[in-house]
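Per-entry structural report
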Amino acid sequence: MEQFLYYLKVSSISIKRAPLPYFLTILIMSVGLGVFFANATFYYWLKHDPLPGKSAQLFHPRMNSNPNLCSTSCEAPRVLSYRDIKALTSTDIASASAAMYSAEGYAKVKEQQPATRANIRVTQRDFFSMFDVPVLKGAVWPDNETRMEVIISKAFAQKMFGSDDVVGQSLILDDRFFKVVAVLDDWGMFPRLYEPAHGGYLEPDADLYLPLETAYDLNYASNRQSQSFEDADFQKLATDGRTKAIHQLLLWVYLPTAEQQQQYRDFMNNLVQSEKAAGRHPNANGNLLHPMNGIMQAYDAESQEVKAFALVTALFLLVCLFNASHLSLNRYIANQYEISLRRALGASRWQLQGQMLADVLVTAGLALLLAVLIALAGIALMNHLLPDNSRMASWDGTLIGGLVGLTLLSAYLVTLYPALRASFGALNQQLK
Amino acid sequence: MLELSNITKIFRTELIETHALRGINLTVNEGEFVALTGPSGSGKSTLLNVLGTLESFDGGDYKLDGTSIKGWSDRELSNLRNEKIGFIFQGFNLIKDYSLFDNIELPLRYRGMAASERKRRVEQALELVGLAARKDYHPSQLSGGQQQRVAIARAIAGQPRILLADEPTGNLDSLMARQVMELLEQINAQGCTILMVTHDPDQARRASRQVQIVDGMLSDASMYDPLAVA
């Protein structure tokens, strides 16, 4: 330890000897790292697995149930009809399943109050267990039947009632009374991969959860993606929505074992065959079963801007490191006399590596500080340019650890070649 | 103690080969004070660098205490320099932004010596060269002669068995040169073997033996072993 402190002292003396080139090296490294950090933050969240260990067992089924014969695009629609949902959940192969869509409404606690806009997730009972949603108070619906009951988020409870202890109280949603049966705790699923299309994975969680059957009875239409393949009225979900090809539902099924997954695929294929036999499935079998951990690729939903920036910033970092290494080389060459003297007096190359590691730590520490500041500025700029991505701007332990590791590696690379070159110089040439 | 057998050293560039040492045979016994003399470019400093393992050799063998150092690793050679050899350079080679204490302590640091022992040895060395009161000074605050005395203190702090001095008085005036020579004689009297490169015939005469090098070879006058003569 004492020797290492000595190495740190030698590093600081070396910096004082030529501070300007040194801080120029740090600045160049920091700019490269800072810009890279900013982009890496977005890229990390884009690739983040919100349910590690489970996302490979959650599947999103798609079926080409278009009643019309397709001519150009024959890919299965991304949303399903109510009939499809009923058919796809008529089996008990899946350990859990939940259909869902996004809607909106206006809520208030008292009739005289002005209403507040509420983001609604229309869904079913298993949604909460499948996506590990924490329940703070109360209990979720016991089944998927129609009921005038809502589940609300903690933030929405605080906003509407000023408290999260509101189970059993009434909430007026679009002039209808609902009973609050549960309050959800803060929920950090991000990205929300159960809603992969149109940037839905970046949006905050819903304020309020409404049972699917109730939403259909009350004609709550989707505010995101919907398609109709026959003459039908979206305002009549209670009737047309249940019987006609109005597609607005996403389905997620939980298939924890490979056997269940294969059984479900077989079930979907058999379903298509029986539909065809009944004259209802004119198109070729276009069944798809996307795992949650591959849903972004399947939907081609990853932000192309972030991916392009990732490539550019990685190249920029390399250029910065190359330049920093060049500056560092000049500094080490200037110090070659001292390095040679130390070797002449008995320091082995291995011992000089200890000195180099101290240089790396000092360099990495300073570069990290400056790079973090530059990264924060970069993130603020990207949030301004791409506001949809603003939820991807936070740092967690893994990300911070990665950034520190990258800084150490960069500092090592910037220092390694110059230090080796300086330590392999001819001793007698330097010590005349 | 030191035994060179047919040592050769060639410096190569793309255009030219320079034979700096051509079959040097030399034996130096424990406690000797040997002056290496010869004209400029004759190979004196190269020979000293080979002896100090600052320079490799191309042919022949170099034995120290009966053991050949041919093929030794960087770590073995570093340990050898650190523990058995002290260097005194013409240009002092002190680190200007280190205190005298830190400069002298430098080789001891790489020996893994405890801080208290390092302190004791540095102070002892400074005492010997008469600069004990100035341990916190920096080299630039000292005269050339004093700086060379600091370099000597650094060389002897590790209590080496061999001291290699490359024109140690080359940059000093006559008064300071005399002081440095007296110091070297004092160190030699304590049993340390010294090999000194010098141009100065007066200083060479103060050594117990003179070895002359001409064109990379020992001249005839040098080809004797003092113990064999005795």
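What counts and how
- Residues numbered from 1 in each chain as written.
- Chains lettered and ligands numbered in written order.
- Predicted model: local features only at pLDDT ≥ 70, side-chain atom pairs only at ≥ 80, totals over all residues.
- Helix = DSSP H or I, 4+ residues; strand = E, 2+ residues; numbered from the N terminus.
- Buried ≥ 20, exposed ≤ 12 C-beta atoms within 10 Å, placed from the backbone.
- Contact = placed C-beta atoms within 7 Å.
- Rg over C-alpha atoms; globule rule 2.2 N^0.38 Å.
- Pairing = 2+ DSSP bridges.
- Axes fitted to C-alpha atoms, helices over the stretch in contact; angles between N-to-C directions.
- Domains from an automatic or database assignment.
- Nonpolar A, V, L, I, M, F, W, Y, C, P; charged D, E, K, R; others polar.
- Parallel < 35°, antiparallel > 145°, perpendicular 65-115°, else oblique.
- Left-handed = near helix turned anticlockwise from the far one by under 90°.
- pLDDT = per-residue confidence, 0-100.
- Expected span 1.5 Å × (residues − 1).

1. Topic: the overall build of chain A
- If you tally the helices and strands in chain A, you get 14 helices and twelve strands.
- If one aligns the C-alpha atoms of chain A with their principal axes, the spans along those axes are about 100 × 55 × 35 Å.
- With 432 residues in all, chain A has 40% of them scored as buried.
- Excluding contacts between residues fewer than 6 apart, the proportion of contacts in chain A whose partners are at least 24 apart in sequence is 77%.

2. Considerations on the overall build of chain B
- Helix and strand counts for chain B come out as eight helices and ten strands.
- Relative to a compact globule of 230 residues, whose C-alpha radius of gyration would be 17 Å, chain B shows 18 Å and is just as compact.
- Judged by the C-alpha coordinates and their principal axes, chain B covers about 45 × 45 × 40 Å.
- In chain B, which comprises 230 residues, the proportion classed as buried is 44%.
- By sequence separation, contacts in chain B at least 24 residues apart represent 72% of the contacts at least 6 residues apart.

3. Quick word on the pairing of strand 3 (residues 96-108) of chain A
Residue and element names in this part refer to chain A.
- Two strands pair when backbone bridges link them, and strand 3 and strand 11 (residues 246-254) are joined in this way by five bridges, in the antiparallel orientation. Bridge assignment links serine 97 to a residue of strand 11, and that residue is valine 253.
- Both strand 3 and strand 4 (residues 116-123) contribute to a ladder of seven bridges, which runs antiparallel. Residue tyrosine 101 lies in a different strand from strand 4, and its bridge partner there is valine 122.
- When strand 3 meets strand 7 (residues 170-173), the two strands line up antiparallel, connected through two bridges. Bridge assignment links alanine 107 to a residue of strand 7, and that residue is leucine 173.

4. Topic: the sheet that holds strand 9 (residues 209-214) of chain B
Residues and elements named next belong to chain B.
- Ordered in space as 6-7-8-3-9-10, the six strands form an open sheet in which the pairing is mixed. Of all strands in the sheet, those bounded by a partner on one side alone are strand 6 (85-88) and strand 10 (217-218).
- Note: strand 7 (residues 162-166) against strand 8 (residues 193-197), five bridges, orientation parallel. Bridge assignment links isoleucine 162 to a residue of strand 8, and that residue is threonine 193.
- Where helix 6 (residues 174-189) meets the sheet, its contacts fall on strand 3 (33-37), strand 7 and strand 8, and the angle it forms with strand 8 comes to roughly 150 degrees.

5. Considerations on the domain arrangement of chain A
Residues and elements named next belong to chain A.
- Segmenting chain A into domains produces domain 1 (2-50 + 303-430) and domain 2 (64-286).
- Relative to domain 2, the C-alpha centre of domain 1 lies at a distance of 49 Å.
- With six residues of domain 1 at the contact, the number on the domain 2 side is six residues.
- Partitioned by chemical class, the residues of the side of domain 1 that touches domain 2 number two nonpolar, two polar and two charged.

6. Observations regarding the interface of chain B and chain A
- Opposite the 20 residues of chain B that make contact, chain A presents 20 residues.
- Mapped by element, the contributors of at least two residues to the side of chain B that touches chain A are helix 2 (74-84) and helix 3 (100-109) of chain B.
- The greatest single-element share of the side of chain B that touches chain A, amounting to five residues, is contributed by helix 2 of chain B.
- Along the lines of polarity and charge, the residues of the side of chain B that touches chain A split into eight nonpolar, five polar and seven charged.

7. Quick notes on the environment of Asn39(A)
Residues and elements named next belong to chain A.
- Counting through the fold element by element, asparagine 39 comes out in helix 2 (residues 19-47).
- Using a count of 26 C-beta atoms within 10 Å as the deciding quantity, one classes asparagine 39 as buried.
- Look past the residues within four positions of asparagine 39 in its chain and what remains in contact with it is Phe309, Ala310 and Thr313.

8. Some details on the packing of helix 2 of chain A against helix 10 (residues 304-334) of chain A
Residues and elements named next belong to chain A.
- It is at 8 Å that the axes of helix 2 and helix 10 come closest, and there the two elements cross at 160 degrees. With respect to helix 10, the axis of helix 2 lies roughly antiparallel. Crossing of helix 2 over helix 10 shows left-handed handedness.
- Tallied by class, the residues present in the contact of helix 2 with helix 10 amount to 22 nonpolar, seven polar and one charged.

9. Some remarks on the environment of Ala139(A)
- Looking at where Ala139(A) falls in the secondary structure, it is placed in the loop between strand 5 (135-138) and strand 6 (149-153).
- Here the alpha-carbon distance between Ala139(A) and Val180(A), two residues 41 residues apart in the chain, equals 9.8 Å.

10. Looking at the confidence of the model for chain B
Residue and element names in this part refer to chain B.
- Per-residue pLDDT for chain B averages 89, and the proportion of residues at 70 or more is 95%.
- For residues 223-230, every residue scores under 50 in pLDDT, and the model assigns this stretch five contacts once sequence neighbours within four places are set aside.
- Scored as a complex, the prediction yields pTM 0.71 and ipTM 0.89.

11. Structural notes on the sheet that holds strand 4 (residues 59-64) of chain B
Residues and elements named next belong to chain B.
- Ordered in space as 2-1-4-5, the four strands form an open sheet in which the pairing is antiparallel. Each of the sheet's edge strands pairs with one partner strand only, and the pair in question is strand 2 (17-28) and strand 5 (67-68).
- Where helix 1 (residues 44-51) meets the sheet, its contacts fall on strand 1 (2-12), strand 2 and strand 4, and the angle it forms with strand 2 comes to roughly 60 degrees.

12. What about the packing of helix 5 (residues 144-157) of chain B against helix 6 of chain B?
Residue and element names in this part refer to chain B.
- Two elements in contact, helix 5 and helix 6, have axes whose closest approach is 9 Å; the angle formed by their N-to-C orientations is 15 degrees. One finds that helix 5 runs roughly parallel with respect to helix 6. Here helix 5 runs over helix 6; the crossing is right-handed. From helix 5, Gly144, Gly145, Gln148, Arg149, Ile152 and Ile156 reach across to helix 6, where they touch Met176, Gln179, Val180, Leu183 and Ile187.

13. Section: helix 5 of chain B
All names here are of chain B.
- Here helix 5 is 14 residues long and its end C-alpha atoms lie 20 Å apart, about the 20 Å a rise of 1.5 Å per residue gives.
- Burial of helix 5 is extensive: twelve of the 14 residues sit out of reach of the surface.
- Every buried residue belonging to helix 5 is among Gln146, Gln147, Gln148, Arg149, Val150, Ala151, Ile152, Ala153, Arg154, Ala155, Ile156 and Ala157, and all of these are buried.
- Buried residues in helix 5 make contact with strand 6, helix 3, helix 4 (115-129), strand 7 and helix 6.

14. Things to note about unusual backbone geometry
- In this structure, Pro191(A) follows Phe190(A) across a cis peptide bond, with omega equal to -5 degrees.
- Summarising the element assignment, Pro191(A) is placed in the loop between strand 8 (176-184) and strand 9 (208-211).
- Even without being glycine, Asp132(A) reaches a positive phi, approximately 55 degrees.
- Looking at the element boundaries, Asp132(A) is found in the loop between helix 4 (127-130) and strand 5.
- Look at Asp132(A) and you get exposed, because 12 C-beta atoms sit within 10 Å.
- Positive phi is not limited to glycine here, since Gln159(B) has a value of about 50 degrees.
- With respect to the secondary-structure elements, Gln159(B) resides in the loop between helix 5 and strand 7.

15. Focus on the pairing of strand 6 of chain A
All names here are of chain A.
- For strand 6, a buried count of four out of five residues is recorded, marking the element as mostly surrounded by other parts of the structure.
- The pairing of strand 6 with strand 8 spans five bridges and is classified as parallel. Each bridged residue has a counterpart across the sheet, and for glutamate 149 the counterpart in strand 8 is lysine 179.

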